[in-house]
Amino acid sequence: MATAKIQILSDGPMRGTSFQLPNESYTIGRTDSCDIAIPDSTISGHHCTLFRTEEGVYMLRDEGSTNGSSLNGEPIEAGQEVVLKHGDIFQLGGIEIMFDTGEFAQHTATHTSSHLINLENTGTGEIQRDTMKNMAGSTTTKRAVQLRENKGQNGIWYGVIALLALAALAVAGMVFMKMFQ
């Protein structure tokens, strides 16, 4: 059986950090006494518990945290236990974390054939920006770099702005002259 893990998705010093889950139960929180300590002010000292049932199902329980927990955008009430499935994203305070059963990695490690996935006519459409919160910073950075590097286009925009400013000054001058005639 593959070992499940969680991976921190949110920006910050722990982004990309993953924790293997070979044991049956883990406390997650801000304090060092937790099994998985995430030093973030939006996470409670003992925020939640992640555990595996006898059937091998992983569950998450909010332990009455101050800033709450959610699973795939749906709030988790204090004391409520929710089932975690491969690819689920849960949020503890302001930190997003992805649950990975590890089964996909085990499957791909034992099979070397390639598969073609056809996404045409799936109805998936475009993904809205607010659903991709973790990518906003890198996308904005790339766009800013592209704008800085395209100096020819920037020069045209500066020219257009300068012409508009001169036109505005000319109109203001004519209005000013009409007022004092």
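Here the structure is shown first, and the text comes after it.
In this text, all values refer to a predicted model and were calculated from it rather than measured experimentally. (Residues numbered from 1 in each chain as written. Predicted model: local features only at pLDDT ≥ 70, side-chain atom pairs only at ≥ 80, totals over all residues. Heavy atoms only, no water.)

Mind showing me how you'd approach the overall build of the protein here?
Secondary structure assignment for the protein yields three helices and eleven strands. Residue pairs in contact within the protein that sit at least 24 positions apart in sequence constitute 36% of those at least 6 positions apart. Carbon and sulfur atoms form 57% of the exposed surface of the protein, whose accessible area is close to 12800 Å². (Helix = DSSP H or I, 4+ residues; strand = E, 2+ residues; numbered from the N terminus. Contact = heavy atoms within 4.5 Å. Areas by Shrake-Rupley, 256 points an atom, 1.4 Å probe, with all protein chains shown as cover.)

Would you mind going over a nonpolar patch on the surface with me for this structure?
Taken together, the side chains of V171, M174, V175, F176, M179 and F180 present a nonpolar region at the surface, about 680 Å² in accessible area. Summarising the element assignment, F176 is placed in helix α3 (residues 151-179). (Patch = residues over 30% accessible without salt bridge, like charges linked within 9 Å, V, L, I, M, F, W, Y side chains within 5 Å. Salt bridge = Lys/Arg side-chain N within 4 Å of Asp/Glu carboxyl O.)

Sorry, what's going on with the pairing of strand β10 (residues 89-92) here?
Burial along β10 is one-sided: F90 and L92 are buried, and none of I89 and Q91, which face the opposite way, are. In this structure, strand β7 (residues 69-71) lies alongside β10, joined through three bridges in antiparallel fashion. The partner of S69 across the bridge, within β10, is L92. Of the pairings in the sheet, the one linking β10 to strand β11 (residues 95-100) comprises four bridges and is antiparallel in character. Counterpart to I89 in the pairing with β11 is M98. What sits between β10 and β11 in their antiparallel hairpin is a turn of two residues, with G93 showing a positive phi close to 60 degrees. (Buried < 20%, exposed > 50% of the residue type's maximum accessible area, 1.4 Å probe, protein only. Pairing = 2+ DSSP bridges.)

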